[in-house]
Amino acid sequence: MPVKCGPGKARGWIEHQAQRYYRSVSDSRKLVQQQFGRHAERYVNSSDHSRGESLDRLLALAAPRRAWRVLDIATGGGHTALAFAPHVESVIASDLTPEMLRAARKFIREKGHTHVRFAAADAGALPWTEGAFDLVTCRVAPHHFADCGAFVREMFRVLKTGGVAAMIDNVVPEDPAAADYINAFEKLRDPSHQRALTDAEWLRVFEHVGFEIQHRELFRKPRGFEFWSDMQGLDAATKVRLQQMLLAAPPPARAALAPEYTAGGKLQFYLTELLLIAIRL
């Protein structure tokens, strides 16, 4: 027999659920700040983040124009903001973590770019007005966000009509078991990892918000296991557990991660990145 709930109880349940949600979001933000705050300089100096085929493609496909105002969300070490800076009028590099912003500012200023500004901002609640930017970028960060739907809605909101959203992020296989395994693997390495979506999930989120997808591209990115695990300063026991997970991955997850030893005897594996270019209609 269904349990009846009066208006007062219903309001109380809704408020309780809202409080749980906001506590969860707050906790995830704290984890991101803690993880990236401790390792800010490593991300500035990371070869995986500072260059690569996907960053070059992002720049080429976004086709920036000299008069454009650009927002880079979750700028990390500032590499994406730096790539666009010579081609546009202005860039705002935003991040949730103060230490990352300081490291990015130092890095970009040393490169001689004075028209890049820096701002603290949450990807799911941006502090800029509607239609403030011609281009919004975000690269290899959304898997840390507590609410990817809110992030895409905010990109849409702060873009002008006809503005461009350019995103790269890690994606997982469509197979649910393989996706869960790879997300657990990533979260063991970095507790601030929330969830990498699938390619199809990202397309649905962008289209639901109102974007028109202009371009979609997948990249297979090799990762040296030692470098990848050392980025988070892991202890020896956690590195052993990660190596065991990688080598003992069930077939669908193993096919995606493709662990192998190089000719030099180094363990490496692969992550898949999705590049999306979308237009605000």
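Residues numbered from 1 in each chain as written. Predicted model: local features only at pLDDT ≥ 70, side-chain atom pairs only at ≥ 80, totals over all residues. Heavy atoms only, no water.

Sorry, what's going on with unusual backbone geometry here?
A negative phi angle is the norm for most residues apart from glycine, just as the trans form is the norm for most peptide bonds. Positive phi outside glycine occurs at alanine 74, with the angle close to 55 degrees. In this structure, alanine 74 sits in the loop between strand S1 (69-73) and helix H5 (79-84). Taking relative accessible area as the criterion, alanine 74 reaches 21% and is therefore assigned partly exposed. With a phi angle near 50 degrees, valine 140 is a residue other than glycine that sits in the positive phi range. By the element assignment, valine 140 lies in the loop between strand S4 (133-139) and helix H7 (148-158). (Helix = DSSP H or I, 4+ residues; strand = E, 2+ residues; numbered from the N terminus. Buried < 20%, exposed > 50% of the residue type's maximum accessible area, 1.4 Å probe, protein only.)

Sorry if this is basic, but what is going on with the nonpolar core here?
Across soluble globular proteins, you tend to see nonpolar side chains buried next to one another. If you look at the biggest cluster of nonpolar residues, it comprises 32 residues, and the most contacted ones within it are Ile73, Trp128, Phe151, Trp202, Phe206 and Phe211. Here the element with the most residues in this core is H7; it accounts for six residues. Dropping the residues within four chain positions of it, phenylalanine 151 is found in contact with Ile73, Ala123, Gly124, Cys138, Pro142, Phe145, Met167 and Trp202. Counting 28 residues, the second-largest nonpolar core is a separate cluster that includes Leu58, Trp68, Ala83 and Ile108. (Core = buried A, V, L, I, M, F, W, Y, C linked by side-chain atoms within 4.5 Å. Contact = heavy atoms within 4.5 Å.)

Would you explain the pattern of salt bridges in this entry?
Between side chains of opposite charge, a pair can form when the charged atoms approach closely. Applying the stated criterion across every chain yields a total of ten salt bridges. Its salt-bridge partner being lysine 160, residue aspartate 134 comes within 3.2 Å of it at the nearest N-O pair. With aspartate 134 in strand S4 and lysine 160 in strand S5 (residues 159-171), the pair connects residues that are 26 residues apart, well separated along the chain. Taking the relative accessible area as the measure of exposure, lysine 160 reaches 35% and is therefore partly exposed. When the shortest N-O distance is used, the salt bridge between glutamate 273 and arginine 223 registers 3.5 Å. Here the residue glutamate 273 occupies a position in strand S8 (residues 267-280), and arginine 223 occupies one in strand S6 (residues 211-224), the gap between them amounting to 50 residues. (Salt bridge = Lys/Arg side-chain N within 4 Å of Asp/Glu carboxyl O.)

Please explain H7 as it appears in this structure.
Since there are 3.6 residues in each turn of an α-helix, residues three or four apart along the chain are aligned in direction. With nine of eleven residues buried, H7 is to be regarded as a mostly interior element. Where H7 is concerned, the buried positions are Cys148, Gly149, Ala150, Phe151, Val152, Glu154, Met155, Phe156 and Val158. Of the surrounding elements, those touching the buried residues of H7 are S1, S4, S5, helix H9 (199-209), S6 and S8. Backbone nitrogen of glycine 149 and a side-chain oxygen of the N-cap are separated by 3.1 Å at the start of H7; the cap is aspartate 147. (Polar contact = N/O pair within 3.5 Å; in protein donor to acceptor, adjacent residues only side chain to side chain.)

Is there a simple way to explain the environment of threonine 262 in this structure?
Turning to its location among the elements, threonine 262 is positioned in the loop between strand S7 (260-261) and S8. Expressed as a C-alpha distance, the spacing of threonine 262 and glycine 224, which sit 38 residues apart in the sequence, is 9.4 Å.

Honestly, the packing of aromatic side chains in this entry has me stumped. Any pointers?
Here the distance between the centres and the angle between the planes together describe a pair of aromatic rings. On inspection of all chains with the given rule, the structure shows ten aromatic pairs. Seen from their ring centres, phenylalanine 185 and tryptophan 228 are 4.9 Å apart, and the 20 degrees between their planes marks the pair as stacked. Taken together, the residues phenylalanine 185 in helix H8 (residues 176-189) and tryptophan 228 in helix H10 (residues 225-230) connect sequence positions 43 residues apart. We note that phenylalanine 185, like tryptophan 228, is buried. (Phe/Tyr/Trp six-rings, centres within 6.5 Å; stacked < 30°, edge-to-face > 60°.)

Would you mind going over the packing of H8 against helix H11 (residues 236-247) with me for this structure?
Between two packed helices, what matters for the description is the angle formed by their axes and the separation of those axes. Two elements in contact, H8 and H11, have axes whose closest approach is 10 Å; the angle formed by their N-to-C orientations is 165 degrees. Classified by the angle between their axes, H8 and H11 sit roughly antiparallel to one another. For H8 against H11, the interelement crossing comes out left-handed. Mapping the contact onto sequence places Tyr181, Ala184, Phe185, Leu188 and Arg189 in H8 and Thr238, Arg241, Leu242, Met245 and Leu246 in H11. (Axes fitted to C-alpha atoms, helices over the stretch in contact; angles between N-to-C directions. Parallel < 35°, antiparallel > 145°, perpendicular 65-115°, else oblique. Left-handed = near helix turned anticlockwise from the far one by under 90°.)

Looking at this structure, how should I read the packing of H7 against H9?
Put simply, H7 and H9 touch, their axes get as near as 9 Å, and they point 45 degrees apart. Here H7 lies oblique to H9, going by the angle between them. Relative to H9, the crossing made by H7 is right-handed. Here Cys148, Gly149, Phe151, Val152, Arg153, Met155 and Phe156 of H7 come into contact with H9, specifically with Trp202, Val205, Phe206 and Val209. Here the residues of the contact of H7 with H9 sort into nine nonpolar, one polar and one charged. (Nonpolar A, V, L, I, M, F, W, Y, C, P; charged D, E, K, R; others polar.)

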